[in-house]
Amino acid sequence: MHLELIGLGKIFVDAAQGTKIPAISSIDLQIEQGEFVSIVGPSGCGKSTLLRIVSGLEKSFEGKVLLDGQEVLRPSNDIGLVFQQYALFPWRTMCENIEFGLEIMGMVKEERRTIAEKYINLFGMQGFEDRYPCQLSGGMQQRVAIARTLIMNPKLVLMDEPFGSLDSQTRNDMQEFLMDLRQKRNDTILFVTHNVDESVFLSDRIVVLSKRPARILRIFELTAPHPRDRTSKIANDIRREVIGILRQERNSHSPIRN
Ligand SMILES: Nc1ncnc2c1ncn2[C@@H]1O[C@H](COP(=O)(O)OP(=O)(O)O)[C@@H](O)[C@H]1O
Ligand SMILES: [Mg+2]
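Residues numbered from 1 in each chain as written. Chains lettered and ligands numbered in written order. Predicted model: local features only at pLDDT ≥ 70, side-chain atom pairs only at ≥ 80, totals over all residues. Heavy atoms only, no water.

For the chain, an unreviewed UniProt entry supplies the name ABC-type nitrate/sulfonate/bicarbonate transport system, ATPase component and the organism Desulfomonile tiedjei.

Here it is in C-alpha coordinates:
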(Lines give C-alpha, C1' and ligand atoms only; values in the text may rest on other atoms or scores of the structure.)
(Ligands and ions follow the chains in the order given, each with its own letter.)
Protein backbone atom coordinates (compact mmCIF):
# COMPACT_ATOMS: atom_id res chain seq x y z
CA MET A 1 0.00 0.00 0.00
CA HIS A 2 1.21 3.45 -0.87
CA LEU A 3 -0.99 6.53 -0.44
CA GLU A 4 -0.16 9.81 -2.05
CA LEU A 5 -2.01 13.08 -1.52
CA ILE A 6 -0.99 15.61 -4.14
CA GLY A 7 -1.88 19.29 -3.93
CA LEU A 8 -5.20 18.75 -2.18
CA GLY A 9 -7.44 21.77 -1.93
CA LYS A 10 -11.12 22.31 -1.20
CA ILE A 11 -13.36 25.35 -1.24
CA PHE A 12 -16.97 24.96 -0.10
CA VAL A 13 -19.48 27.25 -1.76
CA ASP A 14 -22.43 28.38 0.32
CA ALA A 15 -24.99 28.71 -2.44
CA ALA A 16 -27.56 30.47 -0.24
CA GLN A 17 -25.19 33.24 0.79
CA GLY A 18 -22.94 33.16 -2.27
CA THR A 19 -19.83 32.91 -0.08
CA LYS A 20 -16.79 30.71 -0.46
CA ILE A 21 -15.37 28.77 2.46
CA PRO A 22 -11.81 27.58 1.81
CA ALA A 23 -11.35 24.41 3.86
CA ILE A 24 -8.11 22.79 2.61
CA SER A 25 -5.08 24.34 0.97
CA SER A 26 -2.19 22.62 -0.86
CA ILE A 27 -1.85 19.45 1.18
CA ASP A 28 0.85 17.01 0.05
CA LEU A 29 1.47 13.84 2.05
CA GLN A 30 2.66 10.30 1.46
CA ILE A 31 1.84 7.31 3.65
CA GLU A 32 3.51 3.90 3.49
CA GLN A 33 2.23 0.42 4.31
CA GLY A 34 1.84 -0.16 8.04
CA GLU A 35 2.21 3.48 9.06
CA PHE A 36 0.02 5.09 11.71
CA VAL A 37 -0.33 8.76 10.83
CA SER A 38 -2.33 11.16 12.98
CA ILE A 39 -3.76 14.45 11.82
CA VAL A 40 -4.23 17.06 14.51
CA GLY A 41 -5.51 20.58 14.07
CA PRO A 42 -7.89 23.18 15.44
CA SER A 43 -11.58 22.39 15.51
CA GLY A 44 -13.20 23.28 12.18
CA CYS A 45 -9.89 23.48 10.31
CA GLY A 46 -10.78 20.90 7.67
CA LYS A 47 -9.69 17.53 9.12
CA SER A 48 -12.93 15.68 8.34
CA THR A 49 -13.03 17.27 4.90
CA LEU A 50 -9.52 15.95 4.26
CA LEU A 51 -10.55 12.41 5.26
CA ARG A 52 -13.67 12.63 3.09
CA ILE A 53 -11.50 13.55 0.13
CA VAL A 54 -9.11 10.65 0.79
CA SER A 55 -12.07 8.25 1.16
CA GLY A 56 -13.50 9.16 -2.23
CA LEU A 57 -16.69 10.62 -0.72
CA GLU A 58 -15.94 14.20 -1.75
CA LYS A 59 -16.62 14.80 -5.41
CA SER A 60 -15.19 18.23 -6.13
CA PHE A 61 -11.74 19.21 -4.92
CA GLU A 62 -8.33 20.20 -6.21
CA GLY A 63 -5.44 17.79 -6.51
CA LYS A 64 -5.25 14.02 -6.52
CA VAL A 65 -5.42 11.06 -4.15
CA LEU A 66 -3.44 8.04 -5.37
CA LEU A 67 -3.74 4.63 -3.72
CA ASP A 68 -1.07 2.32 -5.12
CA GLY A 69 -0.78 4.70 -8.05
CA GLN A 70 -4.52 4.55 -8.86
CA GLU A 71 -6.60 7.69 -8.50
CA VAL A 72 -9.28 7.41 -5.80
CA LEU A 73 -12.49 8.68 -7.39
CA ARG A 74 -15.18 7.00 -5.32
CA PRO A 75 -15.52 5.01 -2.07
CA SER A 76 -14.43 1.38 -2.30
CA ASN A 77 -13.64 -1.60 -0.08
CA ASP A 78 -9.95 -0.68 -0.37
CA ILE A 79 -10.51 2.20 2.03
CA GLY A 80 -12.24 1.56 5.37
CA LEU A 81 -13.87 4.27 7.45
CA VAL A 82 -14.47 4.55 11.19
CA PHE A 83 -16.30 7.58 12.58
CA GLN A 84 -16.96 8.94 16.04
CA GLN A 85 -20.62 8.00 15.76
CA TYR A 86 -20.49 4.23 15.68
CA ALA A 87 -23.18 4.09 12.98
CA LEU A 88 -24.02 0.50 13.85
CA PHE A 89 -27.33 -0.93 12.68
CA PRO A 90 -29.48 -0.97 15.83
CA TRP A 91 -31.64 -3.81 14.54
CA ARG A 92 -28.68 -6.12 13.88
CA THR A 93 -26.80 -8.07 16.55
CA MET A 94 -23.08 -7.56 17.10
CA CYS A 95 -22.29 -10.50 14.86
CA GLU A 96 -24.69 -9.33 12.15
CA ASN A 97 -23.16 -5.86 12.26
CA ILE A 98 -19.64 -7.25 11.87
CA GLU A 99 -20.72 -9.49 8.97
CA PHE A 100 -22.47 -6.69 7.12
CA GLY A 101 -19.83 -5.99 4.43
CA LEU A 102 -19.36 -9.69 3.70
CA GLU A 103 -23.12 -10.10 3.36
CA ILE A 104 -23.27 -7.22 0.86
CA MET A 105 -20.52 -8.97 -1.10
CA GLY A 106 -22.79 -12.01 -1.33
CA MET A 107 -20.82 -14.34 0.93
CA VAL A 108 -22.94 -17.23 2.25
CA LYS A 109 -24.03 -17.16 5.88
CA GLU A 110 -21.85 -19.97 7.23
CA GLU A 111 -18.70 -18.62 5.68
CA ARG A 112 -19.21 -15.08 6.90
CA ARG A 113 -20.14 -16.27 10.38
CA THR A 114 -16.84 -18.16 10.59
CA ILE A 115 -14.88 -15.04 9.62
CA ALA A 116 -16.92 -12.80 11.95
CA GLU A 117 -16.22 -15.18 14.84
CA LYS A 118 -12.51 -14.89 14.14
CA TYR A 119 -12.81 -11.11 14.53
CA ILE A 120 -14.98 -11.40 17.64
CA ASN A 121 -12.23 -13.52 19.22
CA LEU A 122 -9.45 -11.22 18.04
CA PHE A 123 -11.34 -8.26 19.53
CA GLY A 124 -12.04 -10.03 22.82
CA MET A 125 -15.81 -9.78 22.41
CA GLN A 126 -16.81 -13.43 22.88
CA GLY A 127 -20.14 -13.91 24.63
CA PHE A 128 -21.65 -10.69 23.24
CA GLU A 129 -22.30 -11.93 19.68
CA ASP A 130 -26.07 -11.90 19.94
CA ARG A 131 -26.43 -8.59 21.72
CA TYR A 132 -27.82 -5.51 20.00
CA PRO A 133 -25.79 -2.27 19.93
CA CYS A 134 -27.95 -0.66 22.63
CA GLN A 135 -26.95 -3.52 24.96
CA LEU A 136 -23.22 -2.82 24.52
CA SER A 137 -20.95 -0.25 26.21
CA GLY A 138 -19.61 2.67 24.16
CA GLY A 139 -16.15 1.11 23.97
CA MET A 140 -17.59 -2.22 22.81
CA GLN A 141 -19.77 -0.48 20.18
CA GLN A 142 -16.71 1.25 18.79
CA ARG A 143 -14.83 -2.06 18.71
CA VAL A 144 -17.72 -3.53 16.68
CA ALA A 145 -17.47 -0.58 14.28
CA ILE A 146 -13.72 -1.17 13.88
CA ALA A 147 -14.21 -4.93 13.40
CA ARG A 148 -16.89 -4.28 10.78
CA THR A 149 -14.40 -2.14 8.87
CA LEU A 150 -11.34 -4.39 9.25
CA ILE A 151 -13.20 -7.57 8.26
CA MET A 152 -13.14 -6.18 4.69
CA ASN A 153 -9.32 -6.09 4.84
CA PRO A 154 -9.03 -2.54 3.51
CA LYS A 155 -5.63 -1.39 2.25
CA LEU A 156 -6.08 1.82 4.21
CA VAL A 157 -8.18 2.64 7.29
CA LEU A 158 -9.40 6.19 7.89
CA MET A 159 -10.53 7.06 11.40
CA ASP A 160 -12.21 10.37 12.23
CA GLU A 161 -12.09 11.09 15.98
CA PRO A 162 -13.12 7.47 16.63
CA PHE A 163 -12.79 7.74 20.41
CA GLY A 164 -14.16 11.28 20.69
CA SER A 165 -17.34 10.37 22.51
CA LEU A 166 -15.79 7.93 25.02
CA ASP A 167 -14.94 8.76 28.62
CA SER A 168 -11.23 9.18 29.26
CA GLN A 169 -10.60 5.76 30.82
CA THR A 170 -12.42 3.93 28.01
CA ARG A 171 -10.56 6.12 25.55
CA ASN A 172 -7.21 5.05 26.98
CA ASP A 173 -8.33 1.41 26.90
CA MET A 174 -9.34 1.77 23.25
CA GLN A 175 -6.00 3.37 22.35
CA GLU A 176 -4.21 0.40 23.91
CA PHE A 177 -6.56 -1.99 22.16
CA LEU A 178 -5.85 -0.33 18.81
CA MET A 179 -2.08 -0.54 19.34
CA ASP A 180 -2.37 -4.18 20.31
CA LEU A 181 -4.40 -4.86 17.17
CA ARG A 182 -1.86 -3.10 15.03
CA GLN A 183 0.94 -5.31 16.27
CA LYS A 184 -1.12 -8.29 15.09
CA ARG A 185 -2.38 -6.94 11.74
CA ASN A 186 -0.06 -4.17 10.56
CA ASP A 187 -2.94 -2.03 9.24
CA THR A 188 -2.19 1.33 7.65
CA ILE A 189 -4.13 3.99 9.53
CA LEU A 190 -4.81 7.67 8.92
CA PHE A 191 -6.26 8.91 12.18
CA VAL A 192 -7.87 12.30 12.85
CA THR A 193 -7.98 13.57 16.41
CA HIS A 194 -7.85 16.86 18.23
CA ASN A 195 -6.42 15.05 21.24
CA VAL A 196 -2.65 15.61 21.18
CA ASP A 197 -2.04 13.05 23.93
CA GLU A 198 -3.77 10.40 21.84
CA SER A 199 -1.70 11.22 18.75
CA VAL A 200 1.56 11.00 20.75
CA PHE A 201 0.57 7.64 22.23
CA LEU A 202 -0.44 6.10 18.88
CA SER A 203 1.42 7.56 15.94
CA ASP A 204 4.47 6.99 13.80
CA ARG A 205 3.94 10.51 12.47
CA ILE A 206 1.85 13.45 13.61
CA VAL A 207 0.75 15.93 10.96
CA VAL A 208 -0.14 19.29 12.52
CA LEU A 209 -2.61 21.37 10.52
CA SER A 210 -3.22 25.11 10.53
CA LYS A 211 -6.49 26.91 11.03
CA ARG A 212 -8.90 26.80 8.11
CA PRO A 213 -8.03 26.45 5.31
CA ALA A 214 -5.96 23.55 6.59
CA ARG A 215 -2.37 23.35 5.42
CA ILE A 216 0.47 21.36 6.97
CA LEU A 217 2.38 23.32 9.62
CA ARG A 218 4.71 20.56 10.85
CA ILE A 219 5.21 16.82 10.71
CA PHE A 220 6.63 15.02 13.76
CA GLU A 221 8.25 11.59 13.51
CA LEU A 222 7.89 9.39 16.58
CA THR A 223 10.13 6.39 16.91
CA ALA A 224 9.56 5.31 20.54
CA PRO A 225 8.54 1.64 20.65
CA HIS A 226 5.06 0.50 21.71
CA PRO A 227 3.53 0.25 24.23
CA ARG A 228 4.48 3.83 24.96
CA ASP A 229 4.73 5.46 28.34
CA ARG A 230 2.40 8.46 28.31
CA THR A 231 4.47 10.17 31.00
CA SER A 232 7.94 9.65 29.48
CA LYS A 233 10.15 12.66 28.82
CA ILE A 234 10.01 12.19 25.06
CA ALA A 235 6.19 11.96 25.10
CA ASN A 236 6.01 15.13 27.19
CA ASP A 237 8.46 16.98 24.96
CA ILE A 238 6.54 16.20 21.77
CA ARG A 239 3.21 16.95 23.41
CA ARG A 240 4.51 20.30 24.59
CA GLU A 241 5.83 21.15 21.14
CA VAL A 242 2.62 20.18 19.30
CA ILE A 243 0.45 22.05 21.81
CA GLY A 244 2.76 25.08 21.44
CA ILE A 245 2.33 25.10 17.66
CA LEU A 246 -1.45 24.80 17.98
CA ARG A 247 -1.57 27.57 20.57
CA GLN A 248 0.49 29.88 18.41
CA GLU A 249 -1.75 29.09 15.46
CA ARG A 250 -4.89 29.77 17.51
CA ASN A 251 -3.56 33.15 18.62
CA SER A 252 -2.38 34.23 15.18
CA HIS A 253 -4.71 36.65 13.45
CA SER A 254 -3.78 35.85 9.89
CA PRO A 255 -6.62 36.62 7.51
CA ILE A 256 -8.28 33.56 6.05
CA ARG A 257 -6.24 32.46 3.07
CA ASN A 258 -7.95 31.76 -0.21
N1 LIG B 1 -20.73 20.57 3.19
C2 LIG B 1 -20.21 21.72 3.63
N3 LIG B 1 -20.64 22.91 3.14
C4 LIG B 1 -20.09 24.08 3.55
N5 LIG B 1 -19.11 24.16 4.47
C6 LIG B 1 -18.65 23.02 5.00
C7 LIG B 1 -19.17 21.74 4.62
N8 LIG B 1 -18.49 20.78 5.32
C9 LIG B 1 -17.60 21.43 6.11
N10 LIG B 1 -17.70 22.77 5.91
C11 LIG B 1 -16.88 23.78 6.56
O12 LIG B 1 -15.51 23.49 6.30
C13 LIG B 1 -14.75 23.73 7.48
C14 LIG B 1 -13.99 22.48 7.85
O15 LIG B 1 -14.89 21.49 8.31
P16 LIG B 1 -14.41 20.08 8.87
O17 LIG B 1 -13.58 19.44 7.83
O18 LIG B 1 -15.61 19.36 9.32
O19 LIG B 1 -13.50 20.51 10.11
P20 LIG B 1 -12.86 19.62 11.31
O21 LIG B 1 -13.16 18.20 11.02
O22 LIG B 1 -11.41 19.95 11.29
O23 LIG B 1 -13.49 20.10 12.58
C24 LIG B 1 -15.71 24.19 8.56
O25 LIG B 1 -15.66 25.59 8.61
C26 LIG B 1 -17.04 23.73 8.06
O27 LIG B 1 -18.06 24.59 8.50
MG1 LIG C 1 -14.21 16.77 12.08
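*Asks:* Whenever I open this one, the sheet that holds strand 5 (residues 70–71) confuses me. Can you help?
*Replies:* Sheet strands associate in pairs through backbone hydrogen bonding, adopting either a parallel or an antiparallel arrangement. Spatial strand order, 2-1-4-5: four strands in an open sheet with antiparallel pairing. Sheet topology places strand 2 (19–32) and strand 5 at the edges, where each strand pairs with a single neighbour. Here strand 1 (residues 2–14) runs beside strand 2; their pairing, made up of 10 bridges, is antiparallel. For His2, the partnering residue across the bridge sits in strand 2 and is Glu32. (Pairing = 2+ DSSP bridges. Helix = DSSP H or I, 4+ residues; strand = E, 2+ residues; numbered from the N terminus.)

*Asks:* What exactly am I supposed to notice about the domain arrangement of the chain here?
*Replies:* The parts lose accessible area when they come together, and the size of an interface is often stated as this lost area. By the assigned domains, the chain splits into domain 1 (1–78 + 156–258) and domain 2 (84–153). If you average the C-alpha positions of domain 1 and of domain 2, the two centres end up 26 Å apart. Each side of the interface is counted separately: domain 1 has 17 residues, and domain 2 has 15 residues. For the domain 1 and domain 2 pair, buried surface summed over both sides reaches about 1,300 Å², with 67% attributable to carbon and sulfur atoms. The three residues of domain 1 that bury the most area against domain 2 are Asn77, Phe177 and Arg185, which together make up 34% of that side's buried surface. Joining domain 1 to domain 2, the criterion identifies four residue pairs in polar contact (both at pLDDT 80 or more). Elements with a minimum of two residues in the side of domain 1 that touches domain 2: strand 7 (156–160) and helix 5 (168–185). (Domains from an automatic or database assignment. Contact = heavy atoms within 4.5 Å. Buried area = accessible area lost by both parts, 1.4 Å probe. Polar contact = N/O pair within 3.5 Å; in protein donor to acceptor, adjacent residues only side chain to side chain.)

*Asks:* Before we go on, may I ask you to explain the sheet that holds strand 7 in this structure?
*Replies:* Spatially, the six strands line up as an open sheet ordered 6-7-8-3-9-10, and their pairing is mixed. The outermost strands of the open sheet, each flanked by one partner alone, are strand 6 (79–82) and strand 10 (216–221). Strand-to-strand, the axes of this sheet are offset by a mean angle of 15°, without reference to chain direction. In this structure, strand 6 lies alongside strand 7, joined through four bridges in parallel fashion. By the bridge assignment for strand 7, Val82 is matched with Met159. Packing of helix 1 (residues 47–55) onto the sheet brings it into contact with strand 3 (36–40), strand 6, strand 7, strand 8 (189–192) and strand 9 (205–209), and relative to strand 7 it is tilted by some 155°. Each of strand 6 and strand 7 is contacted by helix 4 (residues 138–150), which is oriented at about 170° to strand 6, the strand it contacts most. (Axes fitted to C-alpha atoms, helices over the stretch in contact; angles between N-to-C directions.)

*Asks:* Is there a simple way to think about the environment of Thr114 in this case?
*Replies:* One can find Thr114 in helix 3 (residues 109–122). Judged by relative accessible area, which is 54%, Thr114 ranks as exposed. With 15 residues separating them along the chain, Thr114 and Glu99 place their C-alpha atoms 9.6 Å apart. (Buried < 20%, exposed > 50% of the residue type's maximum accessible area, 1.4 Å probe, protein only.)

*Asks:* Explain the nonpolar core to me, please; I cannot follow it from the model alone.
*Replies:* When a protein is soluble and globular, its nonpolar side chains tend to lie buried together. Ranked by size, the top nonpolar core spans 36 residues in total, and within it Met94, Ile98, Phe123, Met125, Ile146, Met159 and Phe191 carry the most contacts. For this core, the element with the highest residue contribution is helix 4, accounting for six residues. The two domains that each donate at least three residues to this core are domain 1 (1–78 + 156–258) and domain 2 (84–153). Discounting residues that sit within four places of it in the chain, Phe191 has contacts with Phe36, Val37, Ser38, Ile39, Met159, Pro162, Phe163, Leu178, Glu198 and Leu202. (Core = buried A, V, L, I, M, F, W, Y, C linked by side-chain atoms within 4.5 Å.)

*Asks:* Teacher, can you tell me more about unusual backbone geometry here?
*Replies:* Peptide bonds are, in most cases, trans, and in most cases residues other than glycine have a negative phi. Following Arg212, the chain continues to Pro213 via a peptide bond in cis, the omega torsion being -5°. With respect to the helices, strands and loops of the structure, Pro213 is situated in the loop between strand 9 and strand 10. Following His226, the chain continues into Pro227 via a peptide bond in cis, with omega recorded as -5°. The phi torsion at Glu161 lies on the positive side, around 45°, for a residue other than glycine.

*Asks:* How should the UniProt feature "domain: ABC transporter" (unreviewed entry) in the chain be read in this particular structure?
*Replies:* Within this structure's numbering, the places UniProt gives as "domain: ABC transporter" (unreviewed entry) are residues 3–236. Note that residues 3–236 is 32% helix and 27% strand, and that its end C-alpha atoms are spaced 30 Å apart. (UniProt positions renumbered as here; feature names shortened; annotations may be inferred.)

*Asks:* Any chance you could explain the pattern of salt bridges here in plain terms?
*Replies:* Pairing between side chains becomes possible if they bear opposite charge and their charged atoms approach one another. According to the stated counting rule, one finds 18 salt bridges in the structure shown. A salt bridge links Asp204 to Arg182; the nearest nitrogen and oxygen atoms lie 3.1 Å apart. Of this pair, Asp204 sits in the loop between helix 6 (196–202) and strand 9 while Arg182 sits in helix 5, placing them 22 residues apart in sequence. A residue is classified by how much of its surface remains accessible, and Arg182, at 12% relative accessible area, is buried. Several salt bridges converge on common partners, so that one network encompasses Arg92, Glu99, Glu103, Arg112 and Arg113. (Salt bridge = Lys/Arg side-chain N within 4 Å of Asp/Glu carboxyl O.)

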